[in-house]
Amino acid sequence: MNAAAWITLGLGIATILASGVTSAFVTSRLNRSKDRFEFLRGKAETLYLAVDQYAKVLGQHALTYYPVLRGEIDWNQMLDLQIASGSNPGKHEGAEVMEMLVALYFPSVRPALDELFAARDTFNEVTHAMKRDYRRYGEVPAQEHGTKFQRAVELMNERGEALQRAVVETARSTVGTKIA
């Protein structure tokens, strides 16, 4: 075998080895990308379910105040309703899971989550005023608290829906799915 044949043979073997290494590298990158996609998709789904559960819990909590505003039940009966509705643990654990997933994987959702928490805080301020007046008067003056309470509930609902939309948009952009 002459030198040209050895060079040709060496180049052929080098080409085969290089293509094998390149193929292994590309396959590894594709698998890592697929694994990341699946991982983040699972986290996004969990976040969506946690937001949904949290919004429902807030809504159920708010519902227990309406009979008190109408004078149909007293404050203690309303608390019993809240305890009964809160005794069934949620599957997705709402606020704690939301906070963790937003902090670790979806920080762009933080403003919408903060707005929901602010709406919840406003709701709590209204219900604290209702409780104060219930203790003072033995009832909740609906004419004073009804409109504020209704606005606070509506704001919580709006902010919960906005958070769900933000989660969907962020999840779709993060995992590479176009928004339809």
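K.L.:
So what's going on with the layout of surface pockets? Which residues, and what values?
P.N.:
Of the volumes computed, that of the second largest pocket is approximately 190 Å³. Lining of the second largest pocket is provided by 11 residues; of these, Arg41, Ala44, Glu45, Ala171 and Arg172 occupy positions nearest its centre. Put simply, the parts of the chain that give the lining of the second largest pocket at least two residues each are α1 (3-63) and α6 (142-175). Along the lines of polarity and charge, the residues of the lining of the second largest pocket split into seven nonpolar, one polar and three charged.

K.L.:
So what's going on with the packing of helix α4 (residues 94-104) against helix α5 (residues 110-137)? Residues and values would help.
P.N.:
Direction vectors running N to C along α4 and α5 enclose 155 degrees, while the axes themselves pass 10 Å from each other. Comparing the axis directions of α4 and α5 gives the class roughly antiparallel. Read as a crossing pair, α4 and α5 show a hand that is left-handed. Within the contact between the two elements, α4 uses Met98, Glu99, Val102 and Ala103 and α5 uses Arg110, Leu113 and Phe117. For the contact of α4 with α5, a count of residues per class yields five nonpolar, no polar and two charged.

K.L.:
Tell me about the pattern of salt bridges, and please be specific about residues and values.
P.N.:
For the coordinates displayed, the defined rule picks out 10 salt bridges. The salt bridge involving Arg110 is made with Asp114; its shortest N-O contact spans 3.3 Å. Within this pair, Arg110 and its partner Asp114 are both found in helix α5, separated by four residues, close to a single helical turn. Residue classification places Arg110 among the partly exposed residues on the basis of a relative accessible area of 24%. In this structure, Asp133 and Arg136 form a salt bridge, with 3.6 Å as the shortest nitrogen-oxygen distance. One end of the pair, Asp133, and the other, Arg136, are both in helix α5, three residues apart, so they sit about a helical turn from each other. Classification of Asp133 as buried rests on a relative accessible area of 1%. Counted as one network, the salt bridges with shared partners bring together Glu38, Arg41 and Glu45.

Scoring rules and cut-offs
- Residues numbered from 1 in each chain as written.
- Predicted model: local features only at pLDDT ≥ 70, side-chain atom pairs only at ≥ 80, totals over all residues.
- Heavy atoms only, no water.
- 1 Å grid on protein atoms, 1.4 Å probe; cavity = no way out; pocket = protein on both sides within 12 Å on 5 of 7 lines; lining within 4 Å.
- Points joined across faces, edges and corners; volume = space filled by probe spheres on them.
- Helix = DSSP H or I, 4+ residues; strand = E, 2+ residues; numbered from the N terminus.
- Nonpolar A, V, L, I, M, F, W, Y, C, P; charged D, E, K, R; others polar.
- Axes fitted to C-alpha atoms, helices over the stretch in contact; angles between N-to-C directions.
- Parallel < 35°, antiparallel > 145°, perpendicular 65-115°, else oblique.
- Left-handed = near helix turned anticlockwise from the far one by under 90°.
- Contact = heavy atoms within 4.5 Å.
- Salt bridge = Lys/Arg side-chain N within 4 Å of Asp/Glu carboxyl O.
- Buried < 20%, exposed > 50% of the residue type's maximum accessible area, 1.4 Å probe, protein only.

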